Amino acid sequence: MEKNELITFENNEYKLEIEPAKVDFDGYQDLKDKITKIASDWNNYVVTKDSYNSDKKTRAELNKLKSDLDSKRLEIVRKASDPINQFNYQLKDLAGMVKSAADHIGEGLKFFDDQARKAKHQQNLILLGTIAQEYGIALQKLEYDAKWDNKTASRSAIEESARKQFDVILQQENARKEAIKVIQDKAENYTKPSMVANPYINMLAYKGLPDILKQMDSDHDYLLKQAQKQAETKRKQLEAVEQHGDKYINKNTGEVVDKIYTITLRLTGTKEQLTQLSKFIQDWGIKYEKVGK
């Protein structure tokens, strides 16, 4: 039975007549009955040594029958499928031509879309830069969302999203400043031996403040023990020597064990660095004096 279908293009209708493939196989049931009987008989057959050669010939005949049936099936299916395959090729070819035209126009549209995104991006940077100045935060710290460059992204939505990020960044920076102040104050309170804050400030990148403060206490305890050992060693060394001019001489042997050197240095550094250096010099019992301004 035929069935009509329509393809519509530019208000024109193109008629298709579809007729399902039809194969009349009048002798199917008779052939099936015969093959069913043959298969049934042979399925219950027992091969023996005496019947081996004739059975081998029978198997070849059955395989040939199976091959003939398969060949005929494929031949008929191929013939019945030819109109479908041709129609499939024709419609795919037409669709491909349309796609090619659409893709060509798409390339032109993409150029203008890209221009619009670049312009939107620049506008967004101006907006975000103003907000960054308001917060006192570098714009580079903001994680820019590529969706902000879409035409559908409104100014208010972009600003709201950006402000949420800036709020978090501001909280983090304030917390970092407070942590730095705590570390600096703690470092300044250490004496003999003194402690420098900068290494522990750098730890804020990967360690929490409580852990850093514990680390500072632990490090100071270690340095204190080391300083005590060094002081004891130095005391014993001084007991064994006496100063003669610019030399230290062993009391017992008269051997010169060390010399006294005087050098002039010009030091440049921050207040914290020079303070820490001064403490270090004092801890080691080195005499020093200010020269000039």
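Note: the structure precedes this text.
Residues numbered from 1 in each chain as written. Predicted model: local features only at pLDDT ≥ 70, side-chain atom pairs only at ≥ 80, totals over all residues. Heavy atoms only, no water.

### Thoughts on helix α2 (residues 52–135)
Look at α2: only 97 Å from first C-alpha to last across 84 residues, short of the 124 Å you get at 1.5 Å a residue. Along α2, the sharpest change in direction is near 40° and occurs at Ser81; proline Pro83 comes one to four residues later. Looking at α2, one finds that the buried residues are Asp55, Thr58, Lys120, Asn124, Leu127, Leu128, Gly129, Ile131, Ala132 and Tyr135. The inward-facing, buried residues of α2 contact α1 (28–43) and α3 (155–189). Taken from the residues just after α2, Gly136 is the one with a positive phi, measuring 70°. (Helix = DSSP H or I, 4+ residues; strand = E, 2+ residues; numbered from the N terminus. Expected span 1.5 Å × (residues − 1). Bend = angle between axes of the 7 residues up to and from the residue. Buried < 20%, exposed > 50% of the residue type's maximum accessible area, 1.4 Å probe, protein only. Contact = heavy atoms within 4.5 Å.)

### Describing the packing of aromatic side chains
Overall, the coordinates contain 5 aromatic pairs when judged by the stated rule. Centre to centre, the rings of Tyr135 and Phe166 are 5.3 Å apart; their planes meet at 20°, and the pair counts as stacked. A residue pair is termed long-range when its members are at least 10 positions apart, and Tyr135 in helix α2 and Phe166 in helix α3 qualify at 31 residues. Both residues of the pair, Tyr135 and Phe166, count as buried. (Phe/Tyr/Trp six-rings, centres within 6.5 Å; stacked < 30°, edge-to-face > 60°.)

### Observations regarding the side chain of Lys120
Counting through the fold element by element, Lys120 comes out in helix α2. Buried within the structure, Lys120 lacks any salt-bridge partner; its nearest side chain of opposite charge belongs to Asp149, at an N-O separation of 6.7 Å. Within the structure, Lys120 has its side chain in polar contact with the backbone oxygen of Asn150 (distance 2.7 Å). A polar atom in the side chain of Lys120 sits 2.8 Å from the backbone oxygen of Ala153. Here Lys120 is in contact with Trp148, Asp149, Asn150, Lys151, Ala153 and Ile158, once residues within four sequence places are set aside. (Lys, Arg positive; Asp, Glu negative; His and termini not counted. Salt bridge = Lys/Arg side-chain N within 4 Å of Asp/Glu carboxyl O. Polar contact = N/O pair within 3.5 Å; in protein donor to acceptor, adjacent residues only side chain to side chain.)

### Here's the deal with the environment of Thr268
Tracing the sequence through the fold places Thr268 in the loop between β5 (256–259) and α6 (271–283). Residue classification places Thr268 among the exposed positions, given a relative accessible area of 77%. Taking C-alpha positions, Thr268 is 41 Å from Leu125, a pair spaced 143 residues apart along the chain.

### Things to note about the pattern of salt bridges
According to the stated counting rule, one finds 16 salt bridges in the structure shown. Lys151 is the partner of Asp113 in a salt bridge, and the nearest nitrogen-oxygen pair spans 3.6 Å. Here Asp113 is found in helix α2, whereas its partner Lys151 is found in the loop between α2 and α3, with 38 residues between them in sequence. Of the charged contacts in the structure, one is a salt bridge between Arg163 and Glu134, with a shortest N-O distance of 3.0 Å.

### Concerning a nonpolar patch on the surface
The grouping of Val23, Phe25, Tyr28, Leu31, Leu65, Leu69 and Ile76 at the surface amounts to a nonpolar patch, some 600 Å² of accessible area in total. Listed by contribution, the elements that provide at least two residues to the nonpolar patch are α1 and α2. Mapped onto the elements of the fold, Val23 is located in the loop between β2 (12–18) and α1. With a relative accessible area of 54%, Val23 lands in the exposed category. (Patch = residues over 30% accessible without salt bridge, like charges linked within 9 Å, V, L, I, M, F, W, Y side chains within 5 Å. Areas by Shrake-Rupley, 256 points an atom, 1.4 Å probe, with all protein chains shown as cover.)

### Regarding the packing of α1 against α2
Viewed as axis vectors pointing N to C, α1 and α2 meet at an angle of 150°, and their least axial separation amounts to 13 Å. In the packing of α1 onto α2, the handedness of the crossing is left-handed. Listed contacts from α2 to Leu31, Ile35, Ile38 and Trp42 of α1 are Asp55, Thr58, Leu62 and Leu69. Here the residues of the contact of α1 with α2 are counted per class, giving 6 nonpolar, 1 polar and 1 charged. (Axes fitted to C-alpha atoms, helices over the stretch in contact; angles between N-to-C directions. Left-handed = near helix turned anticlockwise from the far one by under 90°. Nonpolar A, V, L, I, M, F, W, Y, C, P; charged D, E, K, R; others polar.)

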